[in-house]
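# Architecture and fold: a report
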Amino acid sequence: MDFSLSAQQRELTEAATAFARKELNQDLAKRDEAGEFPRDAWRACAKFGVQGLPVPAELGGAGCDVLTTALVMEALGYGCQDNGLLFSLNAQMWSVELPLVIFGTAAQQQAYLPGLVSGDIIGGHAMTEPGTGSDALHLRSRAERHGDHYLLTGAKQYITNAPVADVLLFYAQVADRPGLTGLSAFLVDARAPGVEITGGWDKMGLRTSPMGEIALTDCLVPAENRLGPEGAGMAIFNSSMEWERSCLFASAVGAMRRQLDACVEYANSRQQFGQPIGKFQAVAGKLADMYVRLEAAKLLIYRVAWLKQQGKSAPAEAAAAKLFTSEAWVASSRDAIQAHGAWGYLKEAGIERDLRDAIASTIYSGTSEIQRVILARMLGL
Amino acid sequence: METIIKDYISQELVRDPELLPLADEASLLDSGILDSLSLLQLVVFLEERFAITVGDADLLPENFASVNTICAYLRAREPEKQAAHG
Ligand SMILES: Cc1cc2nc3c(=O)[nH]c(=O)nc-3n(C[C@H](O)[C@H](O)[C@H](O)COP(=O)(O)OP(=O)(O)OC[C@H]3O[C@@H](n4cnc5c(N)ncnc54)[C@H](O)[C@@H]3O)c2cc1C
């Protein structure tokens with residue numbers, strides 16, 4: 001087992017952190033308050049190569065291996081305090097780009113991947129419906145085949161990137177094919193007739209990541225826009241969720257490292273009772289716990305990234321990495337506020353924002369409860 | 001191969017004893033024996049037992065519809081596996 005980073009990985013991660021610090025944190029407090037998506041930062045990320053990291057070189061990406069990609073996303077999480085921007089990027093990378101790479105035809109890949117990689121177009125993954133959240137596969141959206149087209153009808157909610165999206169990966173049940181054999185996914189142009197997207201939800205955190213509702217009413221989609229065969233919907237959804245659970249949370253690991261650094265610095269400089277607060281065991285112990293959580297999350301993420309690189313299925317490992325990292329991020333965010341006292345509670349300090357952002361991570365990509373359900377089943381319970 | 005797979009599914013994945021004994025052509029999806037989670041359990045088992053990797057794009061209902069289709073899928077993978085082992 002070799003835990004050392006290669007020279008190339010070290011160079012890339014240092015460059016990513018420096019880039020993030022310089023270009024991704026501008027006006028964050030203002031943007032967070034206004035709930036504003038940073039399109040310029042999105043473009044800057046594309047120029048740096050973020051969106052192209054997991055896309056093979058022959059399809060316009062950087063073709064990075066899974067672990068290197070996770071390391072870069074962690075480095076961005078360390079340098080970039082805009083967790084909303086990183087969440088939007090991750091959502092596109094793992095649940096729009098990767099499905100295209102794995103399931104797309106050459107024509108579909110050519111049509112969408114270059115634009116997604118260059119930052120010219122933005123993608124969203126549309127699964128959740130008003131009646132189906134955790135029970136995602138029992139959706140109500142319908143696809144009716146009419147010659148060389150499908151007519152899609154259905155409603156989706158809580159869709160990341162929807163208000164700024166150009167393309168949506170929309171899941172629907174093909175009429176006359178019941179159950180999993182009919183569950184299918186379609187690439188839908190967000191500006192096509194019959195597509196209505198509404199946004200403007202006032203979220204607790206991840207406020208720079210736009211989220212919206214989608215209503216499709218008799219939306220005509222060419223059959224060549226179906227991703228994979230009819231019935232591939234479950235495979236596509238499971239695949240993208242496993243990728244998200246394996247890699248999206250690398251950015252949370254970076255954020256936890258950033259929090260820990262800030263806490264150590266503050267604990268060494270803030271004096272009470274005539275000494276730095278870090279000399280009090282209760283404060284030091286909190287920071288030690290933050291370190292343990294960070295290291296454990298990191299190892300879970302690196303291991304699942306390594307397994308994915310071998311082409312192995314890793315449902316249990318991905319669920320464990322997701323469950324632990326998201327819960328650890330929430331706990332570390334609380335500890336960071338506590339260690340900073342009242343200063344940590346003020347918006348001005350920028351520390352409370354991490355807690356608001358972190359809480360969502362225990363809900364998206366499958367809630368913590370659902371990760372435990374997956375793990376229980378994988379354990380044979 | 002049929003026996004190994006049938007035994008695993010019967011012992012580990014079938015929750016309703018009324019569905020046993022399992023026929024090779026019995027539908028695993030329509031009967032609810034395989035759902036999105038038990039399918040993942042089965043895939044992990046197949047990867048370990050037959051020393052293969054099952055790509056995400058192969059997790060299609062047609063490959064996992066019955067014991068027969070699973071075996072057909074695995075047999076189609078044989079030449080690939082032999083090539084990989086030189
Ligand atoms: C920030 C954010 C971004 C999102 N982005 C997207 C996106 O881009 N695309 C998309 O399709 N969806 C997206 N979602 C939706 C997300 O996938 C769902 O919120 C999630 O799957 C949970 O569904 P729900 O909110 O309907 O909760 P419900 O499923 O209604 O669950 C409510 C509560 O019941 C619990 N529960 C439900 N079933 C079980 C069970 N079997 N056992 C134990 N507990 C259970 C849950 O854990 C939860 O605590 C996003 C959500 C958030 C918060």
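Look above for the structure.
Report on the accompanying structure. (Residues numbered from 1 in each chain as written. Chains lettered and ligands numbered in written order. Predicted model: local features only at pLDDT ≥ 70, side-chain atom pairs only at ≥ 80, totals over all residues. Heavy atoms only, no water.)

## Some words on the pattern of salt bridges
In the structure shown here, the tally under the stated rule is 18 salt bridges over all chains. Taking the shortest distance from any N to any O, the salt bridge between Arg356 of chain A and Glu352 of chain A comes out at 2.7 Å. One end of the pair is Arg356 of chain A and the other is Glu352 of chain A, both in helix α11 (residues 352-359) and four residues apart, which spans about a single turn. With a relative accessible area of 10%, Glu352 of chain A lands in the buried category. Salt-bridge contacts for Asp24 of chain B lead to Lys6 of chain B; the nearest nitrogen and oxygen are separated by 2.8 Å. Of this pair, Asp24 of chain B sits in the loop between α1 (2-13) and α2 (36-50) while Lys6 of chain B sits in helix α1, and the two are 18 residues apart along the sequence. Take Asp24 of chain B: its relative accessible area is 21%, and that puts it in the partly exposed class. When its relative accessible area of 23% is taken as the criterion, Lys6 of chain B is described as partly exposed. The network of salt bridges with shared partners includes Asp32, Glu352 and Arg356 of chain A. (Salt bridge = Lys/Arg side-chain N within 4 Å of Asp/Glu carboxyl O. Helix = DSSP H or I, 4+ residues; strand = E, 2+ residues; numbered from the N terminus. Buried < 20%, exposed > 50% of the residue type's maximum accessible area, 1.4 Å probe, protein only.)

## Observations concerning the nonpolar core
Residues and elements named next belong to chain A. In terms of nonpolar packing, the biggest core is built from 65 residues, with Leu24, Val50, Leu76 and Leu89 touching the most fellow members. Taken domain by domain, this core gets at least three of its residues from each of domain 1 (7-122) and domain 3 (234-378). Residue contacts for Leu76: discarding those within four places in its chain leaves Ala16, Phe19, Ala20, Val50 and Leu86. (Core = buried A, V, L, I, M, F, W, Y, C linked by side-chain atoms within 4.5 Å. Domains from an automatic or database assignment. Contact = heavy atoms within 4.5 Å.)

## A closer look at the interface of chain B and chain A
Taken together, the contact pairs 20 residues of chain B with 25 residues of chain A. For the chain B and chain A pair, buried surface summed over both sides reaches about 1,900 Å², with 63% attributable to carbon and sulfur atoms. Together, Leu37, Asp56 and Pro61 of chain B form the three largest contributors to the area buried by chain B at its contact with chain A, with a combined 28%. Our count for the contact surface shared by chain B and chain A stands at one salt bridge. A salt bridge links Asp35 of chain B to Arg377 of chain A, with the shortest nitrogen-to-oxygen separation between them at 3.0 Å. One can count six residue pairs in polar contact (both at pLDDT 80 or more) joining chain B with chain A. (Buried area = accessible area lost by both parts, 1.4 Å probe. Polar contact = N/O pair within 3.5 Å; in protein donor to acceptor, adjacent residues only side chain to side chain.)

## Topic: the layout of surface pockets
Over the atoms rolls a probe the size of a water molecule, and in doing so it shows where empty space is left. All names here are of chain A. When its volume is computed, the second largest pocket comes out at roughly 420 Å³. Taken together, 14 residues form the lining of the second largest pocket, with Asp2, Phe3, Leu67, Tyr302 and Arg303 sitting closest to its centre. Those elements that place two or more of their residues in the lining of the second largest pocket are α4 (66-79) and α9 (281-309). Looking at which domains feed residues into the lining of the second largest pocket, each of domain 1 (7-122) and domain 3 (234-378) gives three or more. (1 Å grid on protein atoms, 1.4 Å probe; cavity = no way out; pocket = protein on both sides within 12 Å on 5 of 7 lines; lining within 4 Å. Points joined across faces, edges and corners; volume = space filled by probe spheres on them.)

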